Amino acid sequence: MPERIWHPISKLEFFIDHTRCWAVDVREHLETLEEARTKPYVLADSDVARIKQVCTEQADDLTLFEEQAAKWGELSDLSPSRRAKLKTPCSGAWSLPAEASPM
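Figured I'd write up the structure that's included with this text. (Residues numbered from 1 in each chain as written. Predicted model: local features only at pLDDT ≥ 70, side-chain atom pairs only at ≥ 80, totals over all residues. Heavy atoms only, no water.)

1. A word on the overall build of the protein
Moving on, step 1. Each helix and strand counted, the protein has four helices and zero strands in total.
Moving on, step 2. Seen in sequence order, the protein has helices and strands lined up from the N terminus as α-α-α-α.
Moving on, step 3. Burial status across the protein gives 22% buried among its 103 residues.
Moving on, step 4. Contacts spanning at least 24 positions in sequence make up 76% of the contacts within the protein whose residues lie at least 6 apart.
Moving on, step 5. Accessible area of the protein: about 7,300 Å², with a carbon and sulfur share of 57%. (Helix = DSSP H or I, 4+ residues; strand = E, 2+ residues; numbered from the N terminus. Buried < 20%, exposed > 50% of the residue type's maximum accessible area, 1.4 Å probe, protein only. Contact = heavy atoms within 4.5 Å. Areas by Shrake-Rupley, 256 points an atom, 1.4 Å probe, with all protein chains shown as cover.)

Right, dumping it as structure tokens:
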């Protein structure tokens, strides 16, 4: 595992935007995969293996984001609005929908 890089609180908006976009992408991919489930001839075994690998790696990234959010949450001088962004999964997009967890 690469060395962890802790980011300054000034990067909070970047992390929120990044994870929100990522969550939207995951939902879209989930819908596409659900469609493919009914058509077993659409995806090769290698495609399924690659999808599983990517989903697992992305889930690991989410853990890093959650750890970063927890570290920011420990800041004593954190503004109430930033603290709220860290604690609200929907607005902060820190949580992946349960149905989109790695295969």
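2. Observations regarding the packing of aromatic side chains
Geometry of an aromatic ring pair is reported as the spacing of the ring centres plus the angle between the planes.
Moving on, step 1. Taken as a whole and assessed by the stated rule, the structure comprises three aromatic pairs.
Moving on, step 2. Each ring, one from Phe14 and one from Phe15, has its centre 5.6 Å from the other, and the planes form 85°; the classification is edge-to-face.
Moving on, step 3. Taken together, a centroid distance of 5.3 Å and an interplanar angle of 85° make the contact between Phe15 and Trp72 edge-to-face. With Phe15 in helix H1 (residues 12-37) and Trp72 in helix H2 (residues 45-73), this residue pair connects regions lying 57 residues apart in the sequence.
Moving on, step 4. By relative accessible area, Phe15 is classed as buried at 6%.
Moving on, step 5. Since its relative accessible area comes to 2%, Trp72 is described here as buried.
Moving on, step 6. Connected via pairs of aromatic rings, a cluster forms that spans Phe14, Phe15, Phe65 and Trp72. (Phe/Tyr/Trp six-rings, centres within 6.5 Å; stacked < 30°, edge-to-face > 60°.)

3. Thoughts on a negative patch on the surface
Moving on, step 1. Negative charge collects at one region of the surface, where Asp25, Glu28, Glu31 and Glu35 lie side by side.
Moving on, step 2. Here Glu35 lies in helix H1. (Patch = residues over 30% accessible without salt bridge, like charges linked within 9 Å, V, L, I, M, F, W, Y side chains within 5 Å. Salt bridge = Lys/Arg side-chain N within 4 Å of Asp/Glu carboxyl O. Lys, Arg positive; Asp, Glu negative; His and termini not counted. Charge placed at Lys NZ, Arg CZ, Asp CG, Glu CD.)

4. Remarks on H1
Moving on, step 1. Taking 1.5 Å per residue, 26 residues should reach 38 Å; H1 reaches 37 Å between its end C-alpha atoms and fits that length.
Moving on, step 2. When H1 is considered as a whole, its buried residues turn out to be Leu12, Phe15, Ile16, Thr19, Trp22, Ala23, Val26 and Ala36. (Expected span 1.5 Å × (residues − 1).)

5. A few points about the pattern of salt bridges
Two side chains bearing opposite charge may form a pair once their charged atoms approach each other closely.
Moving on, step 1. Counted under the stated rule, the structure contains four salt bridges.
Moving on, step 2. Of the charged contacts, one joins Glu67 and Arg4 as a salt bridge, the two residues approaching to 2.5 Å between their closest N and O atoms. Residue Glu67 is located in helix H2, and its partner Arg4 is located in the segment before H1; the two are separated by 63 residues in the primary sequence.
Moving on, step 3. Glu67 sits in the partly exposed class, given a relative accessible area of 31%.

6. As for the packing of H1 against H2
Moving on, step 1. Interhelical geometry of H1 versus H2 gives an angle of 150° and a closest axis separation of 12 Å. Classified by the angle their axes make, H1 and H2 are roughly antiparallel. Remark: the crossing between H1 and H2 carries left-handed chirality. The segment H1 lies against H2, with Leu12, Phe15, His18, Thr19, Trp22, Val26 and Leu33 engaging Ile51, Gln58, Leu62, Phe65, Gln68 and Trp72.
Moving on, step 2. Split into classes, the residues belonging to the contact of H1 with H2 amount to nine nonpolar, four polar and no charged. (Axes fitted to C-alpha atoms, helices over the stretch in contact; angles between N-to-C directions. Parallel < 35°, antiparallel > 145°, perpendicular 65-115°, else oblique. Left-handed = near helix turned anticlockwise from the far one by under 90°. Nonpolar A, V, L, I, M, F, W, Y, C, P; charged D, E, K, R; others polar.)

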